[in-house]
Each structure stands twice: as C-alpha cells, then as structure tokens.
Amino acid sequence: MTRDHTDAGDIRRALGDHAFFAGMDPRHLDTLARMAGWSRHPAHSWLAHAGDPPDRFHAVVDGRVGIEIDAPGRDPLVVATVHAGDVVGWSWFIDRQPWQFDVVALDDVRTVAIDVDRVLDACASSEGLRSEFTTRLLRIVASRLHDTRMQLVDVYGSER
Amino acid sequence: MDPNADTTAVGGHLSDLVDPLVPIAHRVVAVDAETADVVTLTFAPVADALAPARPGQFVMVWSFGIGEIPVSVSAVGDRGEFGLTVRAVGAVSNAVVAARPGDTLGVRGPYGTVWPTDEAVARDVLVVAGGLGLAPLRTAIDELAAFGTRRLTVVVGARDPDQVLYPRDLQRWRRLGVDVHVTVDAAARRWDGSVGTATAVVARLGEHHDTVFVCGPELMMTSAARAAIVQGTDAANVWVSLERNMHCGIAQCGRCQLGPLLLCRDGAVVRWDHVTELLRERGR
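Residues numbered from 1 in each chain as written. Chains lettered and ligands numbered in written order. Predicted model: local features only at pLDDT ≥ 70, side-chain atom pairs only at ≥ 80, totals over all residues.

This next bit is on the packing of helix α4 (residues 198-205) of chain B against helix α5 (residues 218-230) of chain B. Residues and elements named next belong to chain B. Two numbers describe how α4 lies on α5: the axes approach to 9 Å, and their chain directions differ by 5°. With respect to α5, the axis of α4 lies roughly parallel. Seen from α4, the contacting residues are Ala198, Thr199, Val202 and Ala203; seen from α5, they are Met220, Ser223, Ala224, Ala227 and Ala228. Classifying every residue of the contact of α4 with α5 gives seven nonpolar, two polar and no charged. (Axes fitted to C-alpha atoms, helices over the stretch in contact; angles between N-to-C directions. Helix = DSSP H or I, 4+ residues; strand = E, 2+ residues; numbered from the N terminus. Parallel < 35°, antiparallel > 145°, perpendicular 65-115°, else oblique. Contact = placed C-beta atoms within 7 Å. Nonpolar A, V, L, I, M, F, W, Y, C, P; charged D, E, K, R; others polar.)

This is the structure we're talking about:
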C-alpha cells in the first residue's frame, strides 16, 4: 500500500465525484478532504485484516476490493466485492469497532482513505456531518443486509 | 385433423394440426454439460418438427413412462433443432438429463408468450438473469444483439463461478459489444467478476434503462425489477418470466393459475405492472 500526498483540491474533487458523497454539503466535503489522502493497493495486497484497529476507511475510486472470510478448515471466501463509488470499512462508526473482515485488493485499487479518528471528532462537533454519515452508511448497511439475506436463502440453490 | 394432411415430411410444422396434448417424437442429438447438474440437450425431430420457439417460450418434454415437465427453449437451430437446458431436480428432469444422443423423447409446444425483443430495437435494454434464468433469455439476448439496441447490458447472477451458464456465449456477447456483468454469491479470490447479488449490480449501474427483461428465481426477479424501477425504468417496460406448475400448456387444466392469469398461455413472460399485486399475495 502506498499513500500519495497530493494537493487537497485533488482529493476534494475525488470526494465530490464519488457516489457515496453525492449531494453532501460542500462544507462537509471540504472538511473531509483535509482528513483524507490517496491510497494505492496493488492487486492481491491487503487493505485490512479482521481485528485491525479502525484507523482509516476507504472510498474506492478504481478497482475491485474483496471482503473475505478466512474460516479455519476451508479456503478463504470472498463474500462481497466493493467497487468504485462504494466504501469499505464502516464498522468504526458504531462504537469504534475494529475491522470485521479481511479486505483484499482484487485488482490494482485506488482509494481515498479518510482518517477515522478525525472524522469521529468532526462528527462529534457537527450534527450535520454526523447526520450525513449516518444516512449514507445506513444506505450501505441496508443494501448489504439485503444482499446477505438473499445469499442466506441460497436463492439459486433452491431453483426448480 | 385433416386426413389428407402430410404428416410425414421432416421440417414441416404440423404440430398445430394434431392433438395438442400428444408429444411429438424428438431425438437427442447432443448433450452438453453446463454445470455438475445442468445439461443442454439438443433435439432434432424424428419426423414432424415443432414450430420454431420464439425467445421466452417453453415446451413440454415427455420422458416415456415417467412423466412430463415444462422446459424453456434455450437454443433454436436449423431443420427443427432446438436446445433445452435442464437441471436434474426430480424424477422427470433426472430422466431427461440422463438422456444420451440417440435417445428419443416426446416434446410438444412451443407454448407461452415471448420476450418483446422487437420493441427493444434502438432502445437501452437491460437483461438480468439469475441461475437457470439465463436459459429462457439466451435466444432473446442473441436477437437483441443482432437487432441493434442502442445499448445492451446483461447482468448474470449465479450461486458460484462453477454455476455460471454459457461462458462461451458470455464471451461472444462481449465481443458483440454487449456490456456483460457476472456476479456470484461467493467465490474464491481468483474469481474475476463481482461477488454479490444481481440486484446490487443493477443498483451499482445506477442507470436508467428503457426496457428491462428479468428471469430467475422469483425472489431475485422481484428484487431486480424493483431496483430497475428505482433507477427510472417505467414498470410497464419491465418484463419478467413467471413459472407455476405448467401442466397442459394450453390453458385448459388451470394448474398454472396466478390470479386471473393462466401462465402457460398468458406467460411465462409477463409485464411487471400486470403481476406486481398478484405476487404480493401470500401463498400465491
């Protein structure tokens, strides 16, 4: 993983163009841009491992990221892919939970990585920013819960 | 039946002149394994040929001495040949899947409604197929690719990479300019597609489509149809393929009834806004 220290304007534009942040108050985007930097991950490298402290979360700009479960006695399994326009690593938002799963770059991946501690501090002092994050993360949680339920019922396995 | 009718010429489409419930002998000429429990059988008429199936139509396949099942037509060839993609799940389908080249089975049809491919010309079309649901859409995608849509996007969902049907067709469609996305419920890291639901891919596309065709397990179809409508597609331009217990194929026995519809005649391909409320009924 490498971090690029590019100008804040570049990061600000990337956030403004990213689907997760679409419609966010420009002032909040300005705030977030000051807490963020580019992060590059070659294919097959790790963004995080389950149990890691929640230092940063990633807005994926290029490439695919795999959320992987490595259970004893079986091969690691990718249970979801995260693509450009989506984010990975949001467990920190609730009680500052550590990373819940392994996260691997499936392609060469570029993200905007945002400092979790600084976001939490900013959310604590800005109800508006906290509300923006809550709405967006709930949208992601709902979507992934839906996917998980569909996978749980094994919708294709029950085909007749 | 006209006693003077010529019922022997190979290549004639005479099934409409005989008892519609009598299967017509067809010989299996090829068997291609698609997955561990799914095969595509290619049939050729022994004498009379069925009328060519249009995309989305199905036939009733009779395994002599065992029974009959409905199967969507997944390929249409020359000289009355056609393909059926079948998963072994019951007594009849196990017998059909076990057929070998040279074996004879009875087939009648084709029955049912069709994907409105002709209405999709010059439109932006999204096709969403889950699992075996790609089979009834296969010839529709071929037609759409040939007709010249403004844009054609195909989303294929499957349980895992080994269950993805027709990988050669997926490559061929890509070469024809079709935007093909394949997603599975879980995979090893080497999988180069998406992991997640077909619905998630539709949502990620984030695009309006003029016409949407969806076929697969009903849960998946409902979810994908709703996602397409959220993206701006008019519900009247969303089409799904519904299956019930198709039995007679000619709207006489009522076993495939869904509300006012007899799906062997009024389906399997139906407009989403015509069935939305019917599918909300419990125990349907």
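Moving on from the coordinates now.
Okay, the domain arrangement of chain B next. Residues and elements named next belong to chain B. Split into domains, chain B comes out as domain 1 (15-111) and domain 2 (117-280). Look at where the C-alpha atoms of domain 1 and domain 2 centre, and you get two points 22 Å apart. Contact with domain 1, which involves 20 residues of that partner, is made by 19 residues of domain 2. Every element with two or more residues in the side of domain 1 that touches domain 2 is listed here: β3 (58-63), β4 (67-76), β5 (82-87) and β6 (104-111). (Domains from an automatic or database assignment.)

Attention now moves to the interface of chain B and chain A. The interface is formed by 25 residues belonging to chain B together with 24 residues belonging to chain A. When contributions to the side of chain B that touches chain A are tallied by element, the ones reaching two or more residues are β10 (194-195), α4 and α5 of chain B. In terms of residue class, the side of chain B that touches chain A is built from 13 nonpolar, seven polar and five charged.

Turning to the nonpolar core, a few remarks are in order. All names here are of chain B. Ranked by internal contacts, the top residues of the largest apolar core, which has 121 residues, are Val59, Val61, Val128, Val214 and Ala224. Residues lining this core come from more than one domain, with at least three contributed by each of domain 1 (15-111) and domain 2 (117-280). Ignoring any residue separated from it by four or fewer positions in sequence, one finds valine 214 in contact with Val128, Met221, Ala224, Ala225, Val238 and Val240. (Core = buried A, V, L, I, M, F, W, Y, C linked by C-beta atoms within 7 Å. Buried ≥ 20, exposed ≤ 12 C-beta atoms within 10 Å, placed from the backbone.)

Here the focus is helix α2 (residues 26-33) of chain A. All names here are of chain A. Taken together, the buried positions of α2 are His28, Leu32 and Ala33. Projection of α2 onto a plane perpendicular to its axis shows the buried side chains occupying an angular sector of 140°, all on one side. Opposite the buried face of α2, by more than 90 degrees, sit the exposed residues Pro26 and Arg27. (Arc of directions from axis to C-beta.)

Okay, the pairing of strand β12 (residues 238-241) of chain B next. Residues and elements named next belong to chain B. Alternating positions in β12 separate into two faces, Val238 and Val240 on one and Trp239 and Ser241 on the other, with burial throughout. Bridge count for β12 against strand β15 (residues 269-271) is three bridges, and the pairing is antiparallel. Pairing of tryptophan 239 across the sheet is with arginine 271, part of β15. (Pairing = 2+ DSSP bridges.)

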